[in-house]
Amino acid sequence: DLLIRTLREGSGGAGGKQVEYQGFQLKANKRDIRVPTQLFINGEFVDAEEQRVLDIINPSDEQLLCKVACASPNDVDKAVQAAHKAFFGSWKQVSARQRGQLMLKLADLMEQHKEDLATIESVDSGAVYTLALKTHIGMSIDAWRYFAGWCDKIQGNTIPVNPARPNNVLTFTRKEPIGVCGLVTPWNYPLMMLSWKMAACIAAGNTCLIKPAQTCPLTALKFAELTVLAGFPAGVINVLPGKGSDAGQAVADHHLVRKLGFTGSTPIGKHIMKSCADSNLKKCSLELGGKSPLVIFADCDLDKAVKHGMSSVFFNKGENCIAAGRLFVEDRIHDEFVRRVLKDLRSMTIGDPLNRSTAHGPQNHKAHMDKLVEYCQQGVAEGAKLVYGGCRVPNMKGYFFTPTVFTDVEDDMYIAKEESFGPIMIISKFNGSDVDSVMARANRSEYGLASGVFTKDISKALSFADRIEAGTVFVNVYNKTDVAAPFGGFKQSGFGKDLGQEALNEYLKTKCVTIEY
Ligand code: TAP
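This write-up is about the structure you can find in this document. Note that the coordinates shown come from a computational prediction; the quantities given were computed from them, not determined experimentally.

Let us now look at the overall build of the chain. Scanning the chain for helices and strands turns up 15 helices and 25 strands. Relative to a compact globule of 517 residues, whose C-alpha radius of gyration would be 24 Å, the chain shows 24 Å and is just as compact. C-alpha atoms of the chain, sized along the principal axes, occupy 70 × 70 × 40 Å. Classification of the 517 residues of the chain by burial places 58% in the buried group. Residue pairs in contact within the chain that sit at least 24 positions apart in sequence constitute 72% of those at least 6 positions apart. Counting every atom, the chain has about 20900 Å² of accessible surface; 50% of that belongs to carbon and sulfur. Computed over 60 positive and 57 negative side-chain charges, the inter-centroid distance for the chain is 4 Å.

So, in structure tokens, the structure goes:
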């Protein structure tokens, strides 16, 4: 480990506040990057209680990348106390407009360091570098800039209530921050999940602590360093890598945490909601799993349907919460669709995610990859037709899983109902003259995160958008998300939106003030 010192930007080294941390030097992608490996609490990098650590593995070569401090419940408590103090202290002194300026400064620093951040993300999570740069990091920066703009535009209403004659009454509402917010995020887009939640949370005037996924916390720690350089007061943002069952649970249970923003699986979401209720009835929002249907009608632009159909499943190696978990392809074009998908798959470059020509990198971690192998075995055992992949990439080190295609999938099969979270395309046929039946099949899921339809018939597309039970609908496109558009699921995909103006409400409370005069 190295002791790394970073000077506060613009301090010129004289009299400026310094941030020091234990870290490691990542030499990758022709870069030399300093990455903190300690917890970030109250504006400082510190060791975890009892020097507990997590092993961070590079999924491309299965080698140990570094060891990172692993937060205990006591560490979580320290971060919550710091965030609580900041919320009622230094952060209160920062005006809404200054808050926006700080967020913009942070976004600029993220932009300046975007190649470093994308390199770290690629090495830590297996994301293909080009995608990490554009989506993982690019959309993170967008989120900070978008929400920075909201800071001084969060306002209440003046409400015409019945006066108490002969007196008059003035009633108005104030939109206030909730307090200390806990954020718990998954491993598929580490910095982007952090940014989607934290930018809205901070814009609304809260303080926070985040527990990123234990498998890939490195961009969150580099981000923590940038928050110091941007000038955020100590305690406003705290970053605590750790285990969900331990540190994550402590966040959900803590009495001073007033809101929990969670993205992850449905079973853990249910468990967390109970913890939120039992502890102090903290508010929670849950972005959970999905099994999103994509319906492809024969009257579509087939080239486009194949291109987006591929990315609906294989984008970010399938580790994409809105991935199309099930494709319904009209029988008239089914065979041609499958033929074209297989042709594209055969030419897909699998390999080192840092290589610019790579299209498909390793899965995030070993347990996930092993589950994908089992998932495919179950599909075969139940009689679905495995037409491509279904196994690890042979003779290759790293957690590389071959992009996979199943056809002839029946509605009651395990692979038709359960999310894989991996690069596995599940195709079923439907009869185009029976739209009611395919709609019913598309909706026959306890999930309701996203959906998609390909057709040139505008009535069919709009009717699909009306009838589908999902929080996101894509028409003749897929994966087209934007920081200004609300994002979140229905049914057991959770509730509460990330992104867009609606996300602010997740981190605000409304106070109603009535004055008689
Ligand atoms: P989870 O196992 O649910 O983990 C998510 C986060 O929760 C991780 O940080 C995890 O810590 C933590 N956690 C685990 N147990 C906890 C507990 N008892 N209390 C508090 N925190 C706890 O999900 P995952 O496997 O990382 O991610 C895959 C799932 O996330 C998929 O189902 C996917 O669909 C969903 N997902 C949804 C979305 C949206 S926007 N809806 C986006 C991305 C992913 P560890 O790191 O220790 O596991």
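Assignment of secondary structure puts Asn364 in the loop between helix H10 (331-346) and helix H11 (366-381). Of the residues examined, Asn364 reaches a relative accessible area of 2% and is grouped as buried. In terms of polar contacts, Asn364 uses its side chain to reach the backbone carbonyl oxygen of Trp187, at 3.2 Å. Non-local contacts of Asn364, meaning those with residues more than four positions away in its chain, are made with Pro59, Ser125, Trp187, Thr215, Cys216, Lys317, Glu319 and Tyr399.

Ordered in space as E8-E9-E25, the three strands form an open sheet in which the pairing is antiparallel. The sheet is open, and its two borders are formed by strand E8 (158-159) and strand E25 (508-516), each paired with just one other strand.

Among the five residues of strand E11 (residues 207-211), five are classified as buried, and the element is accordingly described as predominantly covered. Side chains of E11 alternate between two faces, with Thr207, Leu209 and Lys211 and Cys208 and Ile210 buried alike.

Reading the values: the criteria
Residues numbered from 1 in each chain as written. Predicted model: local features only at pLDDT ≥ 70, side-chain atom pairs only at ≥ 80, totals over all residues. Heavy atoms only, no water. Helix = DSSP H or I, 4+ residues; strand = E, 2+ residues; numbered from the N terminus. Rg over C-alpha atoms; globule rule 2.2 N^0.38 Å. Buried < 20%, exposed > 50% of the residue type's maximum accessible area, 1.4 Å probe, protein only. Contact = heavy atoms within 4.5 Å. Areas by Shrake-Rupley, 256 points an atom, 1.4 Å probe, with all protein chains shown as cover. Lys, Arg positive; Asp, Glu negative; His and termini not counted. Charge placed at Lys NZ, Arg CZ, Asp CG, Glu CD. Polar contact = N/O pair within 3.5 Å; in protein donor to acceptor, adjacent residues only side chain to side chain. Pairing = 2+ DSSP bridges.

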